[in-house]
Amino acid sequence: MLACALPVHADETAPAWMKVDADKRTVRLQLVGSADGTNGTMNFNGYAQGEMQVIVPFGWTVHVDFENKGLAALPHSLAIIDPVTPLPIEDGVPAFPRALTVRLVPGLLAGETDSFEFVANKEGRFLFFCGVTGHGVAGMWDYLVVSKEATRPSVQVTRKGAAGETKRLFAYDGHAWRRLGEREKLALLSGFLEEQRPTLPFAPSVYKARLEDFYHYQDRLEIPLDRALFLINEQIGQGGR
Ligand SMILES: [Cu+2]
């Protein structure tokens, strides 16, 4: 299934959601939280985990219009933060003054919008980051690059696809799982199970309940989430616990 590793979306060098005013050295970005089902709906414009990279020339003004489309009814927010390791569980310190939406931690509800503007006066790599508890660590982030070499704003996207989704669950273990909220857990599982059908045939709620049991034991906390799911699947298949 090599095709899965290839980008499925066309290159978005100049997407409709980006408006450039070269005279005013201003770029307007329309960023939609939860635009589709990617990454269990925890995405910006359908991209998560750094799949989208927006490049802006140094010194330009960046205007961001954010909307939470609200699929899966999760709240979302947006801040531009430094690419810190580990990522914050929630909140986040804006890398530029006022480069964040209101209610960063509780998030904006479905259909709500907010805007902000800042001057990209620092060179480097930054993150579009959702500050709602657990979302950033679940992959709700993309890249903003401020570059002195760039002459125009542009966008690069890559699709991690199914292989990427699996790799992302690899990155989770019981510790990370426990930090997620109830709805985040379900959203994450739904996205993954969608891709793994029919191998993992049961409902997200079934796997979620089993995972809570599974990670109840300290000695299992280091086991990656995807492996835990397949173990649980075998247990269900055998009718055992
Ligand atoms: Cu979010």
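Refer to the preceding data block for the structure.
Figured I'd write up the structure that's included with this text. Note that residues are indexed from 1 along each chain, following the sequence as it is written. Local features in a predicted model are, by the rule used here, given only for residues with pLDDT of at least 70; side-chain atom pairs are given and counted only at 80 or more, and totals for whole chains, interfaces and linings are based on all residues.

1. So, helix 5 (residues 225–237)
Worth spelling out the cut-off: For helices the rule is a DSSP run of H or I covering at least 4 residues; for strands it is a run of E covering at least 2, with both sets numbered from the N terminus onward. Helix span, expected: 1.5 Å multiplied by one less than the number of residues in the helix. Note on burial: count the other C-beta atoms lying within 10 Å of the residue's C-beta; 20 or more is buried, 12 or fewer is exposed, in between is partly exposed, and C-beta positions come from the backbone. Arc, as used here, means the arc of the directions from the helix axis to the C-beta atoms.
Over its 13 residues, helix 5 extends 18 Å from the first C-alpha to the last, a length consistent with the 18 Å expected when each residue adds 1.5 Å. Regarding helix 5, the residues found buried are Leu225, Ala228, Leu229 and Ile232. The arc enclosing the buried residues of helix 5, seen along the axis, measures out at 100°, which places them on a common side. Pointing more than 90 degrees away from the buried face of helix 5 are the exposed residues Arg227, Glu234 and Gly237. Positive backbone phi, at 70°, marks Gly239, one or two positions downstream of helix 5.

2. So, the pairing of strand 3 (residues 52–57)
The following threshold applies: By definition, two strands form a pair when at least two bridges between them are found by DSSP.
Burial along strand 3 is one-sided: the residues Met52, Val54 and Val56 are buried and none of Gln53, Ile55 and Pro57 is. Where strand 3 and strand 9 (residues 154–157) come together, four bridges link them in antiparallel fashion. Looking at strand 9, one finds that Ile55 is bridged to Ser154.

3. Thoughts on the environment of Pro106
Mapped onto the fold, Pro106 is located in the loop between strand 5 (79–81) and strand 6 (113–119). For Pro106, a count of 13 C-beta atoms within 10 Å puts it in the partly exposed group. When the C-alpha positions of Pro106 and Asp91 are compared, they lie 9.1 Å apart, and in sequence the two are 15 residues distant.

4. Re the sheet that holds strand 9
Defined as follows: In this description, a line fitted to the C-alpha atoms serves as the axis of each element, helices being fitted only across the stretch in contact, and the angle between N-to-C directions of two axes falls anywhere from 0 to 180 degrees.
The strand order across the open sheet built from five strands is 5-7-8-3-9, with neighbouring strands paired in mixed fashion. Sheet topology places strand 5 and strand 9 at the edges, where each strand pairs with a single neighbour. Between one strand and the next, the sheet's axes are offset by a mean angle of 25°, whatever the strand orientation.

5. Notes on unusual backbone geometry
With omega at -5°, the peptide bond leading from Thr85 into Pro86 counts as cis. For Arg98, which is not a glycine, the phi torsion comes out positive at approximately 65°. By secondary structure assignment, the location of Arg98 is in the loop between strand 5 and strand 6. With 9 C-beta atoms counted inside 10 Å, the residue Arg98 sits in the exposed group.

6. Comments concerning the nonpolar core
Test applied: As used here, a nonpolar core is made of buried Ala, Val, Leu, Ile, Met, Phe, Trp, Tyr and Cys residues. They are joined through C-beta atoms within 7 Å. A domain assignment, automatic or from a database, supplies the domain bounds used here. The contact criterion used is a C-beta to C-beta distance within 7 Å, with each C-beta placed from the backbone.
One finds Leu31, Val56, Ile80, Phe128 and Leu144 to be the most contacted residues of the largest nonpolar core, which totals 52 residues. Both domain 1 (8–157) and domain 2 (161–237) contribute no fewer than three residues apiece to this core. Not counting residues within four places of it along the chain, the set of residues in contact with Ile80 comprises Pro94, Ala95, Phe96, Ala99, Phe126, Phe128 and Leu144.

7. A closer look at the packing of helix 3 (residues 182–196) against helix 4 (residues 204–214)
Definition in use: Working definition: roughly parallel below 35 degrees, roughly antiparallel above 145 degrees, roughly perpendicular at 65 to 115 degrees, and oblique for all remaining angles. Handedness of each helix crossing follows the sense of rotation of the near helix against the far helix: counterclockwise by less than a right angle gives left-handed, clockwise gives right-handed. Any residue outside Ala, Val, Leu, Ile, Met, Phe, Trp, Tyr, Cys, Pro, Asp, Glu, Lys and Arg is labelled polar, Gly included; the first ten of those are nonpolar and the last four are charged.
One way to put it is that helix 3 packs onto helix 4 with a least axis distance of 9 Å and a crossing angle of 120°. Here helix 4 runs oblique to helix 3, going by the angle between their axes. For the crossing formed where helix 3 meets helix 4, the hand is right-handed. On helix 4, the residues that touch Lys185, Leu186, Leu189, Ser190 and Leu193 of helix 3 are Pro204, Ser205, Tyr207 and Lys208. Broken down by class, the residue content of the contact of helix 3 with helix 4 amounts to five nonpolar, two polar and two charged.

8. Brief notes about the sheet that holds strand 6
Pairing in this open sheet of four strands is mixed, and the strands run 1-2-4-6 from one edge to the other. A strand with exactly one partner marks an edge of an open sheet, and here the two such strands are strand 1 (18–21) and strand 6. Sheet twist, expressed as the mean angle between neighbouring strand axes with direction ignored, is 15°. By the bridge criterion, eight bridges tie strand 2 (residues 26–33) to strand 4 (residues 61–68) in an arrangement that is parallel. Residue pairing in the sheet places Gln30 in a bridge with Asp65 of strand 4.

9. Side note on the packing of helix 4 against helix 5
In contact at an axis separation of 10 Å, helix 4 and helix 5 are set at 105° when each is read in the N-to-C sense. Between helix 4 and helix 5, the angle falls in the class roughly perpendicular. Contacts from Tyr207, Arg210, Leu211 and Phe214 in helix 4 reach Ala228, Leu229 and Ile232 in helix 5. Its residues placed into classes, the contact of helix 4 with helix 5 shows six nonpolar, no polar and one charged.

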